[in-house]
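# Architecture and fold: a report
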Amino acid sequence: MNRVSVFLMVLVLCSSSFFSRGQNSKYKINTIVIDAGHGGKDPGAIGKHCYEKNIALSIALKTGKYIKENFPNIKVVYTRDTDVFIPLKERPEIANRCKADLFISIHANSLKNNTRTYGTETFILGLHKSEDNLAVAMKENSVMLYEDDYSNKYEGFNPKDPASYIIFNLMHSLHIDNSTSMAQHAEHQFKSRVGRRSRGVKAAELWVLRKASMPSVLIEVGFISNPKEEKFLMSDKGQDYMASGIFRAFRSYKEEIERHSSRTLEVKSQELPDANSNGVSFCIQIKSSSEKIPLNSKVFEGLGTVKENFINGTYKYSVAHSSNLRAVINKKREIKKQISDCFIVAYYKGKPISIKEARNIQKS
Ligand SMILES: [Zn+2]
């Protein structure tokens, strides 16, 4: 073997080991944002002996402490760690800016003229199925009234007018599966480990979740309008129990999604078509996102092998990879039924180029 072929062989070995490492890269939770509801001039719900804002902050800080102690590599970001007012829209923006993998908003519930109702409930973003859930959304969204010029800042939305809630009809959440999973883990922990009464996982039109571009939940840790539950939530022990419940839920959620996404990646990468000889390939781009989307997400269901490309700070998701443009055009008709704004893109040696350029290279 001459020196050139040894060099080439080493190059091939190095690049193939690099490639397989890339294929096995696992989705990992790196950053979590914990949002203590209300704060400063906004006390949130007012109990007989406490404010919602203080209970939310204590439980948020304790939850973050548990996560930091047990997962030192995970970055925990608080939207607030003192008693300050944070505008509602700023909260999910903090999570978006630090590219969080999960957003947990912590609140306490309260009912007027009702001291009997008690228990935990965890909300995900969605359309309310009962008037009770709409009432929670209205109450939590109404904190925007503390801000000057709220109507402009919140797209003309009036938190107290049910008609305003029509804007939520148009949304679709990419993260509904993962949000639901986190919410289920939370309610399970509250019930089985903390001994609370779980009122279940619910959906509502919560502004704070609407603007978060990652899986997100809003936890109502209990009713401070119920004297017994208020006492529990005000106690150091009660807050500690709730925080450890949220931490355990987070741990289960983390294990679950990291296990799933790595398995999916491995299976999918085996199915990837061979690279073509002249370096040109076509595919259908179905999604582009500043946030990483797990390949096992429901948005990709039924679309075949999905490939992720990270280009200039954006994750691009594509299907139907082939060097045969005609085959991709045919496939696009089918995909379009599910994703109307999909389009064909061309790549040359891994770099995006125009379709025209790609065809010219193929012709030459
Ligand atoms: Zn609240």
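Just above sits the structure.
Structural notes, computed from the coordinates. Because the structure is a prediction, the values reported are computed rather than measured.

## What about a positive patch on the surface?
A contiguous patch of positive charge, built from Arg326, Arg333, Arg359 and Lys363, is present on the exposed surface. For the positive patch, the elements supplying multiple residues, two or more each, are α10 (325-338) and α11 (355-363). Within the secondary structure, arginine 326 is located in helix α10.

## Some points on the pattern of salt bridges
This model, assessed by the stated rule, comprises 16 salt bridges. Between lysine 62 and aspartate 240 there is a salt bridge, with the nearest N and O atoms lying 3.4 Å from each other. Of the two residues, lysine 62 is situated in helix α2 (residues 52-70) and aspartate 240 in helix α9 (residues 236-271); the sequence distance between them amounts to 178 residues. Here aspartate 240 falls in the partly exposed class, since its relative accessible area comes to 28%. Lysine 202 is the partner of glutamate 121 in a salt bridge, and the nearest nitrogen-oxygen pair spans 2.9 Å. Highlighted residues: glutamate 121 in strand β4 (residues 120-125) and lysine 202 in strand β5 (residues 198-204), separated in sequence by 81 residues. Of the two residues, glutamate 121 and lysine 202, neither departs from the other in class, the shared state being buried.

## Points about the coordination of the zinc ion
Here the zinc ion is held by His38 (NE2), Glu52 (OE), His107 (ND1), Glu140 (OE) and Glu140 (OE), and the distances to it run 2.0 to 2.5 Å. Sequence spacing of the donors to the zinc ion: H-x13-E-x54-H-x32-E. Pair noted here: histidine 107 is in strand β3 (residues 102-109) and glutamate 140 is in helix α4 (residues 131-141), with a separation of 33 residues, a long-range link. For glutamate 140, a relative accessible area of 5% gives the class buried.

## Quick word on unusual backbone geometry
One non-glycine residue, asparagine 113, adopts positive backbone phi at about 50 degrees. Looking at the secondary structure, you find asparagine 113 in the loop between β3 and β4. One non-glycine residue, glutamate 155, adopts positive backbone phi at about 60 degrees.

About the cut-offs
- Residues numbered from 1 in each chain as written.
- Predicted model: local features only at pLDDT ≥ 70, side-chain atom pairs only at ≥ 80, totals over all residues.
- Heavy atoms only, no water.
- Patch = residues over 30% accessible without salt bridge, like charges linked within 9 Å, V, L, I, M, F, W, Y side chains within 5 Å.
- Areas by Shrake-Rupley, 256 points an atom, 1.4 Å probe, with all protein chains shown as cover.
- Salt bridge = Lys/Arg side-chain N within 4 Å of Asp/Glu carboxyl O.
- Lys, Arg positive; Asp, Glu negative; His and termini not counted.
- Charge placed at Lys NZ, Arg CZ, Asp CG, Glu CD.
- Helix = DSSP H or I, 4+ residues; strand = E, 2+ residues; numbered from the N terminus.
- Buried < 20%, exposed > 50% of the residue type's maximum accessible area, 1.4 Å probe, protein only.
- Donors = N, O, S within 2.8 Å, 3.2 Å for Na, K, Ca; no water.

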